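# Structural description and commentary
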Amino acid sequence: MTSTLIRILTASALALSIHTAYAADYSEPAAADKLTPVRAQIAAKQWRDAIDELKRINDTGSADWNNLMGYTHRKASPPDHEAAEKYYNEALRIDPKHRGALEYSGELYLTKGNLAKAEERLATLDKVCKFSCEEYRDLKRSVERYKAAGNKYVAAP
């Protein structure tokens, strides 16, 4: 009986670790499949190509799609912070617990000098993650860097 329990717990832990590894922008498996090419473009920092591909996919009802649209607009050169905020807010309207959108919108608020909104997103992540998560830790470090720099945005190293 003990070995069966261990196998069940091990399988459960593995399933949770696989899910959390993709939690930042994978909340809908079907959407994740069609967003795979976009993620490759984002990894290659091909922001305009990623935006074009996201527009082609046009899955405006997906929190992941909106989160990635926000991310690519924020990272593009020049960045479009208004568009990024609009897409992050839509992602959070669809899924208020979307960890990627919470983290990335918090980063956006720091770049815009809005520490209060960034800390609001951090507090929400703290509740959503329960036992901490990568998104919470990343935004917490960003807030700490911001404060240490005299309330100025400092990009992650």
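The preceding data block contains the structure.
Just so it is clear, the structure is predicted and the values come from calculations on it, not from any experiment. (Residues numbered from 1 in each chain as written. Predicted model: local features only at pLDDT ≥ 70, side-chain atom pairs only at ≥ 80, totals over all residues. Heavy atoms only, no water.)

### Structural notes on the nonpolar core
Val38, Ile42, Leu54, Trp65, Tyr88, Leu110 and Val143 are the most contacted members of the largest nonpolar core, which totals 35 residues. Of all the elements in the fold, those that place two or more residues in this core are helix 2 (29-43), helix 3 (47-57), helix 4 (63-75), helix 5 (81-94), helix 6 (99-111), helix 7 (115-129) and helix 8 (134-148). If we ignore the near neighbours within four places in the chain, the residues touching Ile42 are Trp47, Ala50, Leu68, Tyr71 and Thr72. (Core = buried A, V, L, I, M, F, W, Y, C linked by side-chain atoms within 4.5 Å. Buried < 20%, exposed > 50% of the residue type's maximum accessible area, 1.4 Å probe, protein only. Helix = DSSP H or I, 4+ residues; strand = E, 2+ residues; numbered from the N terminus. Contact = heavy atoms within 4.5 Å.)

### Notes on the packing of helix 6 against helix 8
Their axes nearest at 9 Å, the elements helix 6 and helix 8 cross at an angle of 10 degrees. Considering the angle they form, helix 6 stands roughly parallel to helix 8. Contacts between helix 6 and helix 8 involve Arg99, Gly100, Leu102, Glu103, Gly106, Glu107 and Leu110 from the first element and Glu135, Asp138, Leu139, Ser142, Val143 and Tyr146 from the second. (Axes fitted to C-alpha atoms, helices over the stretch in contact; angles between N-to-C directions. Parallel < 35°, antiparallel > 145°, perpendicular 65-115°, else oblique.)

### Some words on unusual backbone geometry
For the peptide bond that leads from Ser77 to Pro78, omega is 0 degrees, which places it in the cis range. By the secondary structure assignment, Pro78 is in the loop between helix 4 and helix 5. Even without being a glycine, Asn58 presents a positive backbone phi close to 50 degrees. Among the structural elements, Asn58 can be located in the loop between helix 3 and helix 4.

### Things to note about the pattern of salt bridges
Under the defined criterion, the tally for this structure stands at nine salt bridges. The closest approach of N and O atoms between Lys117 and Glu120, which form a salt bridge, is 3.3 Å. Taken together, the residues span about one helical turn, with Lys117 and Glu120 both in helix 7 at a distance of three residues. Assessed through its relative accessible area of 40%, Glu120 is described here as partly exposed. Between Lys147 and Glu119 there is a salt bridge whose closest N-O contact spans 2.7 Å. With Lys147 in helix 8 and Glu119 in helix 7, this residue pair connects regions lying 28 residues apart in the sequence. Given a relative accessible area of 30%, Glu119 falls into the partly exposed group. (Salt bridge = Lys/Arg side-chain N within 4 Å of Asp/Glu carboxyl O.)

The quantities given are spatial measurements derived from coordinates; they are silent on function.
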